[in-house]
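# Structural characterization, general
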Amino acid sequence: MQDDYPLTPQQIAAYQRDGYIQLNDVITGDQLEAFRNAVNDAVKQDTATQDPNRQKSSYEQIFIQCVNLWPRHPAVKPFVLDPRLGRIAARLSGLSVRLWHDHALFKEPHTGAKTPWHQDTPYWPHQQKMHQLTIWIALRDATIHNGCMSFLPGTQKHLDIAPVNLADPQDLYAVAPQTKGIKPVTCELKAGSCTVHNGMTFHYAGPNRSDGMREAIAIIYMPDGTTYAPAPHPVTDPLKLSPGQKLDGELFPLVAN
Ligand SMILES: O=C(O)CCC(=O)C(=O)O
């Protein structure tokens with residue numbers, strides 16, 4: 001078993017205070033290349049039947065998004081379920097965590113579309129909202145030029161803001177005037193580095209102005225014991241869950257406790 005990624009008590013405290021953290025060189029060398037290839041192949045397969053000349057919705061213009069690769073793509077599975085990543089999520093949150101889902105997020109070259117400021121958890125069919133977290137892994141270098149992530153520190157404490165419509169974004173301060181005056185922090189990442197954010201922390205990614213694809217995969221965790229709140233979501237829609245039902249079982253494996 002690989003050693004745990006080193007995390008200091010100061011880093012854990014910073015994550016809990018700010019609602020995000022940057023972790024460098026989490027995946028390196030051959031492992032990084034294998035992960036990148038596996039995700040690229042999966043995205044190619046998932047998008048193979050799409051007409052590249054179709055009229056894209058404003059949401060599709062933000063990025064190519066392929067949700068929950070791991071159950072369908074055996075080459076991706078060991079990376080997404082990697083206990084070393086799960087333990088990062090568990091140590092930062094201080095909780096036992098289950099996988100919620102993964103999604104590849106590929107920002108196409110010269111699309112001009114930004115990922116608007118938003119919180120994640122309000123979109124998810126979960127009754128508990130405070131401790132979900134995403135490990136966002138750069139599979140290639142992510143820079144200001146090609147759309148790396150930015151965060152508004154401390155905003156994970158704002159639990160009552162209506163979800164932002166990503167397809168028709170409003171001005172952040174109209175949606176969340178509480179965030180006025182908070183200075184965004186932008187995290188450029190070398191490939192294999194990642195950011196981790198609480199699902200309630202406001203975050204943003206700029207447009208991809210480069211000639212290459214911005215390739216990232218986000219792996220999302222939820223505390224063990226998270227229960228279902230009926231709301232449309234591609235991962236839970238086929239499962240016919242009852243309100244209050246625990247999200248567990250083979251689609252939501254316990255990855256670290
Ligand atoms: O990759 C992006 O552009 C945005 C990612 C995001 O919003 C997330 O991982 O929660």
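Up top is the structure these notes are about.
On a predicted model such as this, the values are computed, not experimentally measured, just so you know.

Looking now at the site of the ligand. Close to the ligand lie 13 residues; Thr115, Asp120, Trp136, His203 and Arg214 are nearest. The side chain of histidine 203 places a nitrogen or oxygen atom 2.9 Å from an oxygen atom of the ligand. Taken by itself the ligand offers 290 Å² of open surface, and the protein chains cover 96% of this. The set of elements that each furnish at least two residues to the shell around the ligand consists of strand 3 (97-107), strand 4 (115-118), strand 9 (203-205) and strand 10 (214-223). Among the residues forming the shell around the ligand, the class breakdown is six nonpolar, four polar and three charged.

Let's shift gears to the pattern of salt bridges. For the structure shown, the criterion picks out nine salt bridges. Where arginine 72 meets aspartate 46, a salt bridge forms, and the shortest distance between an N and an O atom there is 2.9 Å. With arginine 72 in the loop between strand 2 (64-67) and helix 3 (77-80) and aspartate 46 in helix 2 (residues 29-47), the pair connects residues that are 26 residues apart, well separated along the chain. Of the residues examined, arginine 72 reaches a relative accessible area of 42% and is grouped as partly exposed. Across the salt bridge formed by arginine 98 and aspartate 224, the nearest N and O atoms sit 2.8 Å from each other.

Further remarks concern the layout of surface pockets. Volume-wise, the largest pocket comes out at about 510 Å³. Lining the largest pocket we find 27 residues, and of these Tyr59, Gln65, His103, Tyr123 and Leu166 sit closest to its centre. Residue assignment for the lining of the largest pocket shows that the elements contributing at least two residues are strand 2, strand 3, strand 4, strand 5 (133-138), strand 9 and strand 10. Of the residues assigned to the lining of the largest pocket, the class counts are 15 nonpolar, ten polar and two charged.

Interhelical geometry of helix 1 (residues 9-18) versus helix 4 (residues 83-93) gives an angle of 75° and a closest axis separation of 8 Å. By the angle between their axes, helix 1 is roughly perpendicular relative to helix 4. Where helix 1 abuts helix 4, its residues Gln11, Ile12, Tyr15 and Gln16 lie against Arg91, Leu92 and Ser93. By residue class, the composition of the contact of helix 1 with helix 4 is three nonpolar, three polar and one charged.

Of note in this structure, aspartate 25 is not a glycine but carries a positive phi near 50°. Turning to its location among the elements, aspartate 25 is positioned in the loop between strand 1 (20-23) and helix 2. The class of aspartate 25 is partly exposed, set by a relative accessible area of 48%. Of note, asparagine 68 is a non-glycine position whose phi angle comes to about 55°, a positive value. Its place among the elements puts asparagine 68 in the loop between strand 2 and helix 3.

Enumeration according to the criterion identifies one cavity of 30 Å³ or more in this entry. In this structure, the largest cavity occupies an estimated 30 Å³ of space. In terms of lining residues, the largest cavity is bounded by His118, Gln119, Pro122, Tyr123, Ala162, Pro163, Val164 and Phe202. For the lining of the largest cavity, the per-class residue count stands at six nonpolar, two polar and no charged.

Attention shifts here to the nonpolar core. With 40 residues, the main nonpolar core has Leu23, Phe35, Val39, Ile88, Ile137, Val196 and Tyr221 as its most contacted residues. The biggest single contributor to this core is helix 2, with six residues. Judged by nonpolar contacts, the second largest core, of 16 residues, contains Tyr20, Cys148, Cys187 and Ala216.

A separate point is the packing of aromatic side chains. For any pair of aromatic rings, the description rests on two quantities: the centre-to-centre distance and the angle between the ring planes. Evaluated as defined, the whole model comprises six aromatic pairs. Geometrically, the ring pair formed by tyrosine 20 and phenylalanine 151 is stacked, given 4.9 Å between the ring centres and 5° between the ring planes. With tyrosine 20 in strand 1 and phenylalanine 151 in strand 6 (residues 149-151), this pair connects stretches of sequence that are 131 residues apart. Each member of the pair, tyrosine 20 as well as phenylalanine 151, is classed as buried. A network of ring pairs unites the aromatic residues Trp100, Trp124 and Phe252 as a single cluster.

Take helix 2 next. Between its first and last C-alpha atoms helix 2 spans 27 Å; for 19 residues at 1.5 Å apiece the expected length is 27 Å, and the two agree. Taken together, the buried positions of helix 2 are Leu32, Phe35, Arg36, Ala38, Val39, Asn40, Ala42, Val43 and Thr47. Looking at the buried positions of helix 2, the neighbouring elements they touch are strand 2, helix 3, strand 3, strand 5 and strand 10.

Procedures and definitions
- Residues numbered from 1 in each chain as written.
- Predicted model: local features only at pLDDT ≥ 70, side-chain atom pairs only at ≥ 80, totals over all residues.
- Heavy atoms only, no water.
- Near = heavy atom within 4 Å.
- Polar contact = N/O pair within 3.5 Å; in protein donor to acceptor, adjacent residues only side chain to side chain.
- Areas by Shrake-Rupley, 256 points an atom, 1.4 Å probe, with all protein chains shown as cover.
- Helix = DSSP H or I, 4+ residues; strand = E, 2+ residues; numbered from the N terminus.
- Nonpolar A, V, L, I, M, F, W, Y, C, P; charged D, E, K, R; others polar.
- Salt bridge = Lys/Arg side-chain N within 4 Å of Asp/Glu carboxyl O.
- Buried < 20%, exposed > 50% of the residue type's maximum accessible area, 1.4 Å probe, protein only.
- 1 Å grid on protein atoms, 1.4 Å probe; cavity = no way out; pocket = protein on both sides within 12 Å on 5 of 7 lines; lining within 4 Å.
- Points joined across faces, edges and corners; volume = space filled by probe spheres on them.
- Axes fitted to C-alpha atoms, helices over the stretch in contact; angles between N-to-C directions.
- Parallel < 35°, antiparallel > 145°, perpendicular 65-115°, else oblique.
- Contact = heavy atoms within 4.5 Å.
- Core = buried A, V, L, I, M, F, W, Y, C linked by side-chain atoms within 4.5 Å.
- Phe/Tyr/Trp six-rings, centres within 6.5 Å; stacked < 30°, edge-to-face > 60°.
- Expected span 1.5 Å × (residues − 1).

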